[in-house]
Amino acid sequence: MAAHSAVLSMSKIINPFWGGRLGNTVKVFGTTLTSHRNKTLLTPPPAKYGGRHTVTLIPGDGIGPELLNHVREVFRFSCVPVDFEVVNVNSALETDDDMNNAITAIRRNGIALKGNIETKHTMAPSVKSRNNLLRTSLDLYANVMHCQSLPGVQTRHKNIDIMIIRENTEGEYSSLEHESVSGVVESLKIITRNNSLRIADYAFKLAREKGRRRVTAVHKANIMKLGDGLFLQCCREVASGYPDITFDSMIVDNTTMQLVSKPHQFDVMVMPNLYGNVVSNVCAGLVGGPGLVPGANYGNAYAVFETATRNTGKSIAGKNIANPTAMLLASCMMLDHLKLYDHATMIRHAVLKTMNETRLHTADIGGQGTTSEVVQTIMRIIQSGGQLTTEL
Amino acid sequence: MTARSVRSLPGVLKSVFSNRLSRVYGAAACNQRHKSTYTPPPARYGGRHTVTLIPGDGIGPELAHHVRELFRFCCVPVDFEVVNVDSSMASEDDINNAIMAIRRNGVALKGNIETNHNLPPSYKSRNSLLRTTLDLYANVMHCQSLPGVRTRHKNIDIMIIRENTEGEYSSLEHENVPGVVECLKIITKTKSLRIADYAFRAARATGRRRVTAVHKANIMKLADGLFLECCKEVASGYPEISFDSMIVDNTTMQLVSRPQQFDVMVMPNLYGNVVSNVCAGLVGGPGLVPGANYGEDYAVFETGTRNTGKSIANHNTANPTAMLLASCLLLDHVKLHAYASMIRRAILSTITETRLHTADLGGQGSTSEVVQSIMNAVQSTGCLTTERIGLN
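Residues numbered from 1 in each chain as written. Chains lettered and ligands numbered in written order. Predicted model: local features only at pLDDT ≥ 70, side-chain atom pairs only at ≥ 80, totals over all residues. Heavy atoms only, no water.

Worth spelling out the cut-off: UniProt positions are given in the numbering used here, feature names are shortened, and annotations may be inferred rather than shown by experiment.
The name an unreviewed UniProt entry gives chain B is Isocitrate dehydrogenase [NAD] subunit, mitochondrial, with Sparus aurata as the organism. Recorded in UniProt under Subcellular location (unreviewed entry), the annotation for chain B is "Mitochondrion". The UniProt entry for chain B carries this comment under Sequence similarities (unreviewed entry): "Belongs to the isocitrate and isopropylmalate dehydrogenases family."

For chain A, the name recorded in an unreviewed UniProt entry is Isocitrate dehydrogenase [NAD] subunit, mitochondrial, with Sparus aurata as its organism. Under the Subcellular location (unreviewed entry) heading, UniProt states for chain A: "Mitochondrion". According to UniProt, the comment filed for chain A under the heading Sequence similarities (unreviewed entry) is "Belongs to the isocitrate and isopropylmalate dehydrogenases family."

**Comments concerning the side chain of Thr 192 of chain A**
Inclusion rule: In this text, helices come from DSSP runs of H or I with a minimum length of four residues, and strands from runs of E with a minimum of two, each type numbered from the N-terminal end. Between N or O atoms, a polar contact is any pair within 3.5 Å; within protein, one atom must be a potential hydrogen donor and the other a potential acceptor, and residues adjacent in sequence are included only when both atoms are from side chains. Throughout, a contact is declared for two residues whenever any of their heavy atoms are within 4.5 Å.
Along the chain, the position of Thr 192 of chain A falls in strand 8 (residues 184-192). Side chain to side chain, Thr 192 of chain A and Asn 195 of chain A meet in a polar contact 3.4 Å long. In contact with Thr 192 of chain A, not counting residues within four places along its chain, are Glu 170 and Leu 230 of chain A together with Gly 179 and Val 180 of chain B.

**Here's the deal with the pairing of strand 3 (residues 78-82) of chain B**
All names here are of chain B. Where we set the bar: Between any two strands, pairing holds if DSSP finds at least two bridges. Think of it like this: strands point away, you trace from the first strand over the helix to the second, and a clockwise trace means the crossover is right-handed.
Bridge count for strand 2 (residues 48-54) against strand 3 is five bridges, and the pairing is parallel. Its bridge partner being in strand 3, Thr 52 is matched across the sheet by Glu 81. What joins strand 2 to strand 3 is helix 3 (residues 60-73), and the crossover it makes is right-handed.

**Side note on the environment of Val 215 of chain A**
Residue and element names in this part refer to chain A. Selection criterion: Relative accessible area decides the class of each residue, using a 1.4 Å probe on protein chains only: under 20% of the type maximum gives buried, over 50% gives exposed, and in between gives partly exposed.
Of note, Val 215 is situated in strand 9 (residues 214-219). The exposure class of Val 215 is buried, given its relative accessible area of 0%. Once the C-alpha coordinates of Val 215 and Phe 266 are considered, the two residues, 51 residues apart in sequence, prove to be 8.2 Å apart. Setting aside anything within four residues of it in sequence, one finds Val 215 in contact with Phe 204, Ala 207, Ile 245, Thr 246, Phe 247, Asp 248, Val 268 and Val 270.

**Quick look at the domain arrangement of chain B**
All names here are of chain B. Quick reminder of the rule: Here the bounds of each domain stem from an automatic or database domain assignment. As a working definition, buried area equals the accessible area (1.4 Å probe) given up by two parts on being put together, with both sides summed.
Under the domain assignment used here, chain B contains domain 1 (44-115 + 124-141 + 286-379) and domain 2 (152-283). The gap between the C-alpha centroids of domain 1 and domain 2 is 25 Å. In this assembly, 17 residues from domain 1 lie in contact with 18 residues from domain 2. Taken together, both faces of the contact between domain 1 and domain 2 bury some 1,600 Å²; the carbon and sulfur share is 52%. Looking only at domain 1, the three residues that lose the most surface to domain 2 are Tyr 137, Asn 139 and Met 141, adding up to 39% of its buried area.

**What about helix 12 (residues 371-384) of chain A?**
Residue and element names in this part refer to chain A. Condition: Expected span, for any helix, means 1.5 Å times one less than how many residues it has.
The end-to-end C-alpha separation of helix 12 is 20 Å, in line with the 20 Å expected for 14 residues at 1.5 Å each. Taken together, the buried positions of helix 12 are occupied by Thr 371, Val 374, Val 375, Thr 377, Ile 378, Met 379, Ile 381 and Ile 382. On its buried face, helix 12 sits against helix 3 (64-77), helix 10 (325-337) and helix 11 (341-356). Where helix 12 ends, the next residue or the one after it, Gly 386, has phi of about 85°, a positive value.

**Thoughts on the nonpolar core**
Cut-off, in case you're wondering: In these notes, a set of buried Ala, Val, Leu, Ile, Met, Phe, Trp, Tyr and Cys residues joined through side-chain atoms within 4.5 Å is what counts as a nonpolar core.
In terms of nonpolar packing, the biggest core is built from 135 residues, with Leu 109, Ile 161, Val 266, Phe 301 and Ile 343 of chain B touching the most fellow members. Looking at which domains feed residues into this core, each of domain 1 (44-115 + 124-141 + 286-379) and domain 2 (152-283) of chain B gives three or more. Aside from chain neighbours lying at most four places away, what touches Phe 301 of chain B is Val 107, Ala 108, Leu 109, Lys 110, Gly 291, Ala 292, Tyr 294, Ala 326, Leu 329, Leu 330 and His 333 of chain B. With 70 residues, the next largest nonpolar core counts Leu 67, Met 163, Cys 234 and Ala 239 of chain A among its residues.

**Some details on the UniProt feature "domain: Isopropylmalate dehydrogenase-like" (unreviewed entry) in chain A**
Mapped onto this numbering, the UniProt entry gives "domain: Isopropylmalate dehydrogenase-like" (unreviewed entry) at residues 54-378 of chain A. Here residues 54-378 of chain A is 39% helix and 21% strand, with 24 Å between the C-alpha atoms at its ends.

**Some remarks on the interface of chain B and chain A**
Using the following cut-off: Each salt bridge in this description consists of a side-chain nitrogen of Lys or Arg and a carboxyl oxygen of Asp or Glu lying within 4 Å of one another. Three categories are distinguished: nonpolar for Ala, Val, Leu, Ile, Met, Phe, Trp, Tyr, Cys and Pro, charged for Asp, Glu, Lys and Arg, and polar for the others, with Gly belonging to the last.
Tallying the contact residues gives 56 residues for chain B and 58 residues for chain A. With both chains or domains summed, chain B and chain A bury close to 4,800 Å², and 66% of this area falls on carbon and sulfur atoms. At the junction of chain B and chain A, the tally comes to zero salt bridges. Seen at the junction of chain B and chain A, the total is 19 residue pairs in polar contact (both at pLDDT 80 or more). For the side of chain B that touches chain A, the secondary-structure elements that each account for two or more residues are strand 7 (173-177), strand 8 (180-188), helix 7 (223-235), helix 8 (248-257) and helix 9 (269-283) of chain B. Taken together, the residues of the side of chain B that touches chain A break down into 27 nonpolar, 19 polar and ten charged.

**Thoughts on the side chain of Lys 189 of chain A**
Structurally, Lys 189 of chain A can be placed in strand 8. Within the structure, Lys 189 of chain A has its side chain in polar contact with the side chain of Asp 228 of chain A (distance 3.0 Å). Residues in contact with Lys 189 of chain A, not counting those within four places in the same chain, are Gly 171, Glu 172, Met 224, Asp 228 and Tyr 275 of chain A together with Val 181, Glu 182 and Cys 183 of chain B.

**Quick look at the pattern of salt bridges**
Inspection of the entire model under this criterion finds 33 salt bridges over all chains. We note a salt bridge from Glu 85 of chain A to Arg 108 of chain A, for which the minimum N-O separation is 2.5 Å. A residue pair is termed long-range when its members are at least 10 positions apart, and Glu 85 of chain A in strand 3 (residues 82-86) and Arg 108 of chain A in helix 4 (residues 97-109) qualify at 23 residues. Arg 355 of chain B is paired through a salt bridge with Glu 353 of chain B; the nearest N and O atoms lie 3.1 Å apart. Since its relative accessible area comes to 63%, Arg 355 of chain B is described here as exposed. Take Glu 353 of chain B: its relative accessible area is 31%, and that puts it in the partly exposed class. Sharing partners across several salt bridges, the network here consists of Lys 114, Glu 306 and Arg 310 of chain A.

**Section: the sheet that holds strand 7 of chain B**
For sheets, the rule is that strands pair by backbone hydrogen bonds, running either parallel or antiparallel. The criterion, for reference: In this analysis, axes come from line fits to C-alpha atoms, helices being fitted only over the stretch in contact, and the angle between any two N-to-C directions falls in the range 0 to 180 degrees.
An order of 7(A)-8(A)-8(B)-7(B) is seen for the four strands of this open sheet, with the pairing classed as antiparallel. Taken across any chain shown, the strands that pair with only one partner, and hence form the sheet edges, are strand 7 (177-181) of chain A together with strand 7 of chain B. Sheet twist, expressed as the average angle between the axes of neighbouring strands with direction ignored, equals 35°. The strands touched by helix 7 (residues 227-240) of chain A within the sheet are strand 8 of chain A together with strand 7 and strand 8 of chain B, with strand 8 of chain A carrying the most contacts at an inclination of about 15°.

**Some points on the state of the cysteines**
Cut-off, in case you're wondering: To count as a disulfide, a pair of cysteine sulfur atoms needs to be within 2.5 Å.
All told, the structure shown has zero disulfides over all chains when counted by the stated rule. Of all cysteine sulfurs, the one in Cys 332 of chain A lies closest to Cys 79 of chain A, which takes part in no disulfide; the gap is 16 Å. By relative accessible area, Cys 79 of chain A is classed as partly exposed at 31%. Cys 328 of chain B takes part in no disulfide bond, and the closest cysteine sulfur to it belongs to Cys 74 of chain B, at a distance of 9.2 Å. Take Cys 328 of chain B: its relative accessible area is 0%, and that puts it in the buried class.

**Comments concerning the environment of Gln 261 of chain B**
Residues and elements named next belong to chain B. Structurally, Gln 261 is set in the loop between helix 8 and strand 11 (264-267). Given a relative accessible area of 19%, Gln 261 falls into the buried group. Remark: the alpha-carbon pair of Gln 261 and Ala 199, spanning 62 residues in sequence, is separated by 18 Å. Discounting chain neighbours no more than four positions away, the residues touching Gln 261 are Arg 210, Met 246 and Gln 254. A polar contact of 2.7 Å, which involves the side chain of Gln 261, links it to the side chain of Gln 254.

Quick look at the structure:
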């Protein structure tokens, strides 16, 4: 970065005069410049050559490959200036090479769209979850899921609008386990001050940006006093800097019970990793199921988009019955991230119109449509919108 | 008792065989997993049982009072030994007295004791302390849709068996590096086998067909992997009961969309907390479901979701159903089945009257009205009550 190198070169000139003291200042400067929390905006990756962006695509397992094929189909049809660099990851292999290639590709492009990579229980415990590895290596610390009731989908609860921000790299997913005594396993849940402050900051900034009024921290601090106590404390600290947003906290068991009876009381929720997993799945269930909600994983330098509930969908793979909505909406979020707002709005509008007006539903929401029918309808709607498209 | 006779054998055989054999016998004799049936506590003097009563905080005292009122009215041969536990005191004397009383009587009925977040982390949760000291390893919650209570889901009948003493509730946390907290989640083979055994035995005893283990073994491979393995081991000994497993996030999503697919569920502590609260929310809320904590020698009954209900304390709006149904479970446990069924029938007939629903069920009835109605229902069945005797 330009500023960093300028300061460093300055230090080399000024140092002889001021001796050690300025050296310390430069170190202070150095830390300030690399402090991630002071970076205000995430700039899109400069992988825009000839006006076209390059995005890494990881098909994954189960329904991932077919859904991502549909995404490419729709993108090509709508003449979206995005090229996909496909990186396959074989979940059956024990080595990390495949995954390292994928991570390098994402570092190169800065953005990715992925399907879920299966984690086989039968393999040795040293084989870490590939998805988890990706999230921690790229430091994608915030998982954002926006659960909204779609008018065309029949659910037991109406008008839900909850934004869930989940810490994505630490907590119960540290994969640090050991068996010191045979028959006794200790699994470590790590909560750090830095990561908790970071995620709380992200949550409040996002809430302010979207004009949300209330942030709820979900925890279990009555039992895990140090761990979740630290998380809660960090949230409170950050909350004091945002007086326009009300902050409250709720224990995770009460939260899940409230979610199934009165979900409308929630606005933005921030929480550590495991509770985030459970709460986001409950909310996904409330708005209509895993086929409808897109999810995004944001870091300071990278962003990876996928379906929110991260299902492989092995049992419905290859049957043409998977719901493409979640993956297509995730690709729209990606387009928004790349600042291709027009294309994003166009595709989103078409997807929602298919969902709400034509009522062409797949099996998971109680209909009989196939994936390809849904995708064809979406493309027809895009064409009828008068935009530039390749022919059907 | 077989144990005693087995123990006398080694004395004879010791001269013939080596020491090893007697120790093996000794270990087998003391192995609590081979104890077949639990015998009720012999605290039955003059035909009356003594039960420890811990009022707790919030709505606990008023609900405990209603239980006593009802028991006295129905001439139930149970005397309560009340032990108060002050949650604000830092010393553990109060809870030790309570534990001593429960050891003496063998059975207890309790309200939830508040855990103040502001006290130092060395102050352990009193409820947790009670459960671990008395080794109440199985928390059983039977969630059933009640007639007369309107819910979004119908015909739910799920039995949740939750490991109650280890897992994430070990209260083992430390901060080796400032700003980094490690919480230990302990899973042991013996306890996992024990809870799985309990679950399958309970399923067999109640004629249930299917047990589902809830876990997160794709991430916590060693810990939840061990739990899952133990469940599979135990399942092989019960061929008439089908066993399957489900990851906790998928479980919660399925629970909010199709809860009727679940029969008996067994899981470690934290998932049990979340899943039981979700199920309680599905059947109508925290005021309706009773819970029981069973150990080898002791049993403690309380509301299923363990709420203190501080905000509605002393407003006469709390729902007494959960606590009263818990007291029926207590009566079943001390083998006073006739009284248990009588009170249970009266409670269910009151619940069907919507004008008597308390605030949490969307009505405007008060606690005392509900209890009065239950007492009227009991009297109308023609059973012996204090009014008939002329004591009222």
